[in-house]
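# Structure at a glance
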Amino acid sequence: MSTTFTIDSSTSRATPVSAPMKRVTVPAVRKRKGAEPLVMLTAYTVRNAQLFDPHCDLLLVGDSLGQVIYGLPSTVPVTLEMMAAHGAAVVRGSYHAMVVIDMPFGSYEASPEKAFESAAWLLKQTGAAAVKLEGGAAMAPTVKFLVDRGIPVMGHVGLTPQAVNMLGGYGARGRTQEEAAKIIDDGQAIDRAGAFAMVVEGVVEPIAIELTRTVECVTIGIGASAHCDGQVLVAEDMLGLFERTPRFVKRYGDMASFVSGCAEAYADEVRSRAFPGPAQTYQPK
Ligand code: KIV
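Residues numbered from 1 in each chain as written. Predicted model: local features only at pLDDT ≥ 70, side-chain atom pairs only at ≥ 80, totals over all residues. Heavy atoms only, no water.

## Quick look at the site of the ligand
In the vicinity of the ligand, the contacting residues are Thr42, Leu60, Gly62, Asp63, Ser64, Asp102, Lys132, His156, Val199, Glu201, Ile222 and Val234. Here Asp63 contributes a side-chain N or O atom positioned 2.9 Å from an oxygen atom of the ligand. Contact between the ligand and Lys132: an oxygen atom at 2.9 Å from a side-chain N or O atom of the residue. Looking at the shell around the ligand residue by residue, the classes come out as four nonpolar, four polar and four charged. (Near = heavy atom within 4 Å. Polar contact = N/O pair within 3.5 Å; in protein donor to acceptor, adjacent residues only side chain to side chain. Nonpolar A, V, L, I, M, F, W, Y, C, P; charged D, E, K, R; others polar.)

Okay, here's the thing in structure tokens:
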């Protein structure tokens, strides 16, 4: 279902430039706890942001761009500069959805102060409204430090891709009781620290149920069942741009076939001189 927008052309000191429409805010996201599920998609480019914005409550500039856009082997090599460039494009391409930007590996773990410096820089460079960072109880003091200083934080627990070198892969988490208890504990710690939302990734269903029931913030699931306050997918997975996707992904299109079919038709027409034709050719007046 598409969201209906109200055009806001008024200005004030708080909004010095007329805004085409009001963006979703942190309090509005919080209010969706237990209500209509929140819709979030990743976006890395201005065009995808424009196309997704009317349908989404939140757009996530995910560090998954390292793999999806740059062909990197994991999210570990992603830099703050990469996040800033794509984050600014997504903000430029959207008017309605809240834009959340991932803090890349190495930009926040060392100390709360380092995290604040990185997060503030990202928000200034991009105009995004909030940052997302991975990790559980160990990151709770950092989440509190940022929130106390005015930076909204979305947590990320369960399967945390930046920890792939520790986890050894991208398999679902929480299959043992001990691991399940740790993930629930992690989520609750991030919640107590003041996160307004948390991504719950790649966990067995009972963990999603328990976390969503026990935390005050909204949970946004990816591979975490329907029992969350919202859902997120990597947009290119959802669009079918890759032949292989994780089991939890539903492909709503077949972009890989579409794009490669267009490239094949173009190549055939260039080689046979069918393109460019009269309609694409300039003639003197
Ligand atoms: O980087 C990303 O795209 C993410 C989503 C998978 C939640 O963190």
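## Some thoughts on the packing of helix H8 (residues 177-192) against helix H9 (residues 205-214)
Look at H8 against H9: their axes get within 10 Å of each other, and the N-to-C directions meet at 25°. The orientation of H8 relative to H9 falls into the category roughly parallel. Note that H8 runs across H9; the crossing there is right-handed. Taken together, the residues of H9 that come into contact with H8 (itself represented by Ala180, Ile183, Ile184, Gly187 and Gln188) are Ile207, Glu210, Leu211 and Thr214. (Axes fitted to C-alpha atoms, helices over the stretch in contact; angles between N-to-C directions. Helix = DSSP H or I, 4+ residues; strand = E, 2+ residues; numbered from the N terminus. Parallel < 35°, antiparallel > 145°, perpendicular 65-115°, else oblique. Left-handed = near helix turned anticlockwise from the far one by under 90°. Contact = heavy atoms within 4.5 Å.)

## Details of helix H6 (residues 140-148)
Among the residues of H6, those classed as buried are Ala140, Thr142, Val143, Phe145 and Leu146. Against the buried residues of H6 lie helix H5 (112-126), strand S4 (130-132), strand S5 (153-158) and H8. Count one or two residues on from H6 and you reach Gly150, which has phi positive near 90°. (Buried < 20%, exposed > 50% of the residue type's maximum accessible area, 1.4 Å probe, protein only.)

## Notes on the side chain of Asp237
Of note, Asp237 is situated in helix H10 (residues 235-238). Lacking a salt bridge, the buried Asp237 has Arg251 as its closest oppositely charged neighbour, with an N-O distance of 7.4 Å. Among residues more than four places away in sequence, those in contact with Asp237 are Phe242, Thr245, Pro246, Val249, Lys250 and Arg251. (Lys, Arg positive; Asp, Glu negative; His and termini not counted. Salt bridge = Lys/Arg side-chain N within 4 Å of Asp/Glu carboxyl O.)

## Topic: the sheet that holds strand S1 (residues 38-42)
One key point about sheets: their strands pair by backbone hydrogen bonds, in either a parallel or an antiparallel sense. With parallel pairing, eight strands are arranged side by side around a closed barrel as S1-S2-S3-S4-S5-S6-S7-S8. With strand direction ignored, the average angle separating the axes of adjacent strands in the sheet is 25°. Where strand S3 (residues 98-102) and S4 come together, three bridges link them in parallel fashion. Across the sheet, the residue bridging to Val100 is Ala130, located in S4. (Pairing = 2+ DSSP bridges.)

## Remarks on the packing of aromatic side chains
A full pass over the atoms with the stated rule returns one aromatic pair. Over the face of the ring belonging to Phe145 we find Arg149, whose NZ or CZ atom lies 3.6 Å from the ring centre. (Phe/Tyr/Trp six-rings, centres within 6.5 Å; stacked < 30°, edge-to-face > 60°. Lys NZ or Arg CZ within 6 Å of the ring centre and 35° of its normal.)

## Some thoughts on the pairing of S5
When you tally the buried positions in S5, you get six out of six residues, the bulk of the element. Bridging between S4 and S5 involves two bridges; their strand directions are parallel. The partner of Lys132 across the bridge, within S5, is Met154. Chirality of the crossover, the property in question, places the unit of S4, H6 and S5 among those that are right-handed. Two elements, S5 and strand S6 (residues 197-201), share five bridges in a ladder whose sense is parallel. Within S6, the residue paired with Met154 across the bridge is Ala197. (Right-handed = clockwise from strand over helix to strand, strands pointing away.)

## What about H5?
Over its 15 residues, H5 runs 21 Å from end to end, which matches the ideal 21 Å to within 8%, given 1.5 Å per residue. The complete set of buried residues in H5 reads Ala115, Ser118, Ala119, Ala120, Leu122, Leu123 and Thr126. Structurally, H5 contributes buried residues whose contacts are with helix H4 (80-92), S3, S4 and H6. (Expected span 1.5 Å × (residues − 1).)

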